[in-house]
Amino acid sequence: MPDKPTSQYPSLTQEHLKALYDISQSINSITDIDSLLEHVMEVAVQAVEAERGFLVLSEDESLRVRTARNISAETAMDKDGFSRSIVSGVIESRKPVLTMDAQADQRFEGSESLILKQIQAVACVPFHLRGRVLGAIYLDGRTRRGGFTPETLSFLSAFADLAAIAIENARLMERLREENKFLRSEVERRYGFSELVGNSSKMQQIFSLLSKIIQSDISTLFEGESGTGKELAARALHYNGPRRKKPFIVQFCGNLSEHLLESELFGHKKGSFTGAISDKRGLLEVANGGTFFLDEIADIPPAIQAKLLRVLQEGEFRRVGDTETRRVDVRVMSATNKSLAAQVEKGNFREDLYYRLNVITVTLPPLRERNGDIPLLVNHFLKKNSEKTNAPMKRVTPEAMRILEGYHWPGNVRELENAIERAIVLAGEHGITPAELIISPAPHTSSSRRTLKEHEKELVMRCLKENGNNKTRTAQELGVSLRWLHYKLAEWKRVDDE
Ligand SMILES: Nc1ncnc2c1ncn2[C@@H]1O[C@H](COP(=O)(O)OP(=O)(O)OP(=O)(O)O)[C@@H](O)[C@H]1O
Ligand SMILES: [Mg+2]
């Protein structure tokens with residue numbers, strides 16, 4: 001005689017145990033929600049030898065049939081139907097229902113469809129997880145076969161508990177997959193070529209050069225003043241090239257101690273220096289398969305220059321304090337706003353590394369050499385801001401545009417972008433007028449080389465404007481005396497009046 005069952009799940013059959021095992025396996029292996037639900041349905045129908053069945057999930061506060069066997073979704077959830085009322089009751093009460101003799105069950109008395117369809121056995125269990133009901137599974141049969149037994153309920157409850165975890169997992173994965181897809185397309189859009197704005201012949205040359213080197217793996221050096229778009233161009237190259245699905249990693253190399261930079265780039269072994277409490281991967285490893293962007297490359301200390309050379313030549317490196325040689329496959333891009341050739345000449349930068357880094361040099365022109373692109377850029381930033389803030393696009397008055405085009409932009413596109421963002425905040429109903437442009441007027445000289453006096457005047461005027469014409473504050477900020485400021489202002493006025 002079998003032992004009297006004492007556990008929560010008494011005397012489950014071999015078939016039941018197999019089904020439970022099967023579903024527990026699916027928790028991690030099936031992450032596609034549709035395939036998972038099909039699988040859950042299949043296993044449940046077989047385990048209890050049901051004739052019909054369907055599975056509903058609660059979505060956006062209503063119940064939706066996600067899969068069914070021998071019953072259409074419409075019949076299953078028919079408004080006046082028997083099965084719908086069972087499922088709704090189970091979800092509401094969070095309690096399962098089982099009957100092996102439905103025709104005689106008082107709970108279902110008067111249900112026409114039950115009699116018509118001669119349904120004998122019915123089981124319905126909710127999927128619940130952490131206090132929430134995700135949905136339910138409904139099964140029935142016309143003949144009272146071996147499948148529906150008093151143990152069916154215990155089995156189905158255990159089965160539904162496991163299925164609920166698998167369903168939640170798959171849903172989460174689905175959401176993450178969608179989110180990842182969205183973020184990826186967002187990044188690709190943000191760093192696509194269309195974000196690199198410019199119609200001038202100088203920019204056209206840049207585009208033509210970039211398109212030639214997009215498919216290749218050759219090391220590329222970006223030169224240009226601060227704010228000219230070196231990083232943006234490097235990102236565009238990466239996100240349009242064959243490595244776009246792999247990471248684009250930036251390492252800023254300026255003003256970093258040799259130690260820190262080395263450990264950031266190459267990683268370290270636990271205990272290799274105080275503070276190295278565990279093994280750490282370097283950013284080069286993180287970038288494997290993708291692109292590594294070394295920003296401010298001119299500032300790299302000599303010891304690290306040698307190690308980088310090895311990465312570029314053999315694709316090999318070692319973590320700090322480690323003896324194991326590791327390999328990486330990265331496309332190396334770098335940027336500098338100093339002339340790297342001049343650094344080589346001064347002996348600050350290894351010549352062999354220099355040639356490895358700049359197989360191709362892309363030199364971004366300063367904005368003052370492509371003034372014609374300013375209206376295009378202004379429009380681009382206005383549009384970008386309006387999309388970001390969901391506000392209507394601001395207008396720029398022709399007079400303000402003239403000032404923007406005439407300015408010499410020492411901070412290049414970055415400065416222009418900042419000026420536009422600031423102006424948008426300050427702009428009233430007339431849009432952006434000269435009053436909202438916190439930049440100094442264009443210098444008189446047409447050439448970009450200006451005298452010290454001109455610089456002095458420009459700086460003072462800008463500071464005055466930023467301080468709302470407050471002379472005391474301006475003098476303080478510039479570190480000059482108020483008397484000096486008055487003197488200068490009078491002098492410039494005299495010159496202007498002459
Ligand atoms: N051609 C361009 N079109 C649109 N935006 C641009 C362009 N060039 C630069 N920008 C914008 O200007 C800002 C500065 O660009 P980026 O960071 O690429 O400059 P950088 O040359 O790397 O500067 P730095 O030398 O100071 O690091 C960014 O916000 C970038 O989006
Ligand atoms: Mg940069």
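Just so it is clear, the model here is predicted, and its values are computed rather than measured.

Calculation notes
Residues numbered from 1 in each chain as written. Chains lettered and ligands numbered in written order. Predicted model: local features only at pLDDT ≥ 70, side-chain atom pairs only at ≥ 80, totals over all residues. Helix = DSSP H or I, 4+ residues; strand = E, 2+ residues; numbered from the N terminus. Buried ≥ 20, exposed ≤ 12 C-beta atoms within 10 Å, placed from the backbone. Expected span 1.5 Å × (residues − 1). Arc of directions from axis to C-beta. pLDDT = per-residue confidence, 0-100. Contact = placed C-beta atoms within 7 Å. Near = placed C-beta within 6 Å. Nonpolar A, V, L, I, M, F, W, Y, C, P; charged D, E, K, R; others polar. Domains from an automatic or database assignment. Pairing = 2+ DSSP bridges. Axes fitted to C-alpha atoms, helices over the stretch in contact; angles between N-to-C directions. Parallel < 35°, antiparallel > 145°, perpendicular 65-115°, else oblique. Left-handed = near helix turned anticlockwise from the far one by under 90°. Core = buried A, V, L, I, M, F, W, Y, C linked by C-beta atoms within 7 Å.

## Notes on the overall build of the chain
Link 1 in the chain: The number of helices and strands found in the chain is 19 helices and 14 strands.
Link 2 in the chain: Overall, the C-alpha framework of the chain stretches about 115 × 65 × 45 Å when taken along its three principal axes.
Link 3 in the chain: Here the chain holds 498 residues, and 32% of them are scored as buried.

## Let's talk about helix H16 (residues 412-426)
Link 1 in the chain: Along its 15 residues, H16 runs 21 Å from first to last C-alpha, staying within 8% of the 21 Å computed at 1.5 Å per residue.
Link 2 in the chain: The complete set of buried residues in H16 reads Asn412, Val413, Leu416, Ala419, Ile420, Ala423 and Ile424. End-on view of H16: buried residues confined to an arc of 135°, all on one side of the axis. Along H16, exposed side chains directed more than 90 degrees from the buried face belong to Val425 and Leu426.

## Details of the confidence of the model for the chain
Link 1 in the chain: Residues of the chain with pLDDT of at least 70 account for 94%, and the chain-wide mean is 88.
Link 2 in the chain: By mean pLDDT, helix H5 (residues 112-117) is the weakest element of the chain at 73, and strand E6 (residues 220-223) is the strongest at 97.
Link 3 in the chain: The low-confidence segment residues 1-6, where pLDDT is below 50, has three contacts with residues more than four positions distant or belonging to other chains.

## Looking at the site of ligand 1
Link 1 in the chain: Around ligand 1 lies a shell of 19 residues, among which Ser226, Gly229, Lys230, Glu231 and Val413 are the nearest.
Link 2 in the chain: Of the residues that constitute the shell around ligand 1, the class distribution is six nonpolar, eight polar and five charged.
Link 3 in the chain: Each of domain 2 (194-363) and domain 3 (373-497) contributes no fewer than three residues to the shell around ligand 1.

## Brief notes about the domain arrangement of the chain
Link 1 in the chain: Each assigned domain of the chain is listed here: domain 1 (14-176), domain 2 (194-363) and domain 3 (373-497).
Link 2 in the chain: Inter-centroid distance (C-alpha atoms) of domain 1 to domain 2 is 57 Å.

## Looking at the sheet that holds strand E3 (residues 97-99)
Link 1 in the chain: One open sheet accounts for five strands, arranged E2-E1-E5-E4-E3; its pairing is antiparallel. Of all the strands in the sheet, just strand E2 (62-69) and E3 have a single pairing partner and so form its edges. Put simply, the sheet's adjacent strands are angled 20° from each other on average, direction ignored.
Link 2 in the chain: Alignment of strand E1 (residues 52-59) against strand E5 (residues 132-141), held across six bridges, turns out to be antiparallel. Looking across to E5, one finds that Arg52 is bridged to Asp140.

## Some words on helix H4 (residues 82-93)
Structural remark: α-helix, 3.6 residues per turn; residues separated by three or four positions point the same way.
Link 1 in the chain: The terminal C-alpha atoms of H4, which comprises 12 residues, lie 17 Å apart, in line with the 16 Å expected from a rise of 1.5 Å per residue.
Link 2 in the chain: For H4, every residue scored as buried is listed here: Phe82, Ser83, Ile86, Val87, Val90 and Ile91. Buried residues of H4 fall within an arc of 160° about the axis and therefore sit on the same side. Exposed side of H4, more than 90 degrees from the buried face: Glu92 and Ser93 are the residues found there.
Link 3 in the chain: Just past H4, the residue Arg94 takes up positive phi, approximately 60°.

## Quick notes on the environment of Glu195
Link 1 in the chain: When you line up the elements, Glu195 lands in the loop between helix H6 (150-190) and helix H7 (201-213).
Link 2 in the chain: According to the C-beta neighbour criterion, Glu195 is partly exposed, with 15 such atoms within 10 Å.
Link 3 in the chain: Look past the residues within four positions of Glu195 in its chain and what remains in contact with it is Arg190, Leu232 and Ala236.

## A word on unusual backbone geometry
Link 1 in the chain: Positive phi outside glycine occurs at Arg130, with the angle close to 45°.
Link 2 in the chain: Inspection of the secondary structure puts Arg130 in the loop between strand E4 (121-129) and E5.
Link 3 in the chain: Residue classification places Arg130 among the exposed residues on the basis of 8 C-beta atoms within 10 Å.
Link 4 in the chain: Located in the positive-phi region is Glu296, a residue other than glycine, with phi close to 60°.
Link 5 in the chain: Secondary-structure assignment places Glu296 in the loop between strand E10 (291-295) and helix H11 (302-314).

## Considerations on the packing of helix H2 (residues 33-48) against H6
Two packed helices can be described by the angle between their axes and the distance between those axes.
Link 1 in the chain: Packing of H2 against H6 brings their axes to within 10 Å, and their N-to-C directions diverge by 170°. With respect to H6, the element H2 is oriented roughly antiparallel. For the pair formed by H2 and H6, the contact residues are Ile33, Leu36, Val40, Ala44, Ala47 and Val48 on the first element and Thr152, Phe155, Phe159, Ala163, Ala166, Ile167, Ala170, Arg171 and Glu174 on the second.
Link 2 in the chain: Counted by class, the contact of H2 with H6 contains 12 nonpolar, one polar and two charged residues.

## Describing the sheet that holds E6
Link 1 in the chain: Sheet architecture is open: five strands sit in the order E7-E10-E13-E6-E14, paired in parallel fashion. Every other strand in the sheet has two partners, leaving strand E7 (248-252) and strand E14 (360-363) as the edge strands with one partner each. Recorded for the sheet is a direction-independent mean angle of 20° between the axes of neighbouring strands.
Link 2 in the chain: Of the strand pairs in this sheet, E7 and E10 are connected by five bridges, and their pairing is parallel. Bridging from a neighbouring strand, Val250 pairs with Phe293 of E10.

## Things to note about the packing of helix H14 (residues 374-389) against helix H15 (residues 398-406)
Link 1 in the chain: With their axes 9 Å apart at the nearest point, H14 and H15 run at an angle of 115° to one another. Between H14 and H15 lies a crossing of right-handed hand. In contact with Ile374, Pro375 and Val378 of H14, H15 contributes Met401, Leu404 and Glu405.
Link 2 in the chain: For the contact of H14 with H15, the per-class residue count stands at five nonpolar, no polar and one charged.

## Overview of the nonpolar core
Link 1 in the chain: Of all hydrophobic cores here, the largest spans 52 residues; its most connected members are Ala123, Cys124, Ala136, Phe159 and Ala163.
Link 2 in the chain: Breaking this core down by element, the ones donating at least two residues are helix H1 (14-29), H2, E1, H4, E3, E4, E5 and H6.
Link 3 in the chain: Among the elements that make up this core, the one with the highest residue count is H6 (11 residues).
Link 4 in the chain: The next biggest cluster of nonpolar side chains, apart from the first, holds 37 residues, and it includes Leu237, Ile297, Met333 and Phe349.

## Overview of the environment of Met461
Link 1 in the chain: Position of Met461 among the secondary structure elements: in helix H17 (residues 452-466).
Link 2 in the chain: Accessibility expressed as a C-beta count within 10 Å gives 16 for Met461, which makes it partly exposed.
Link 3 in the chain: Sequence separation between Met461 and Arg130 is 331 residues; the distance between their C-alpha atoms is 65 Å.

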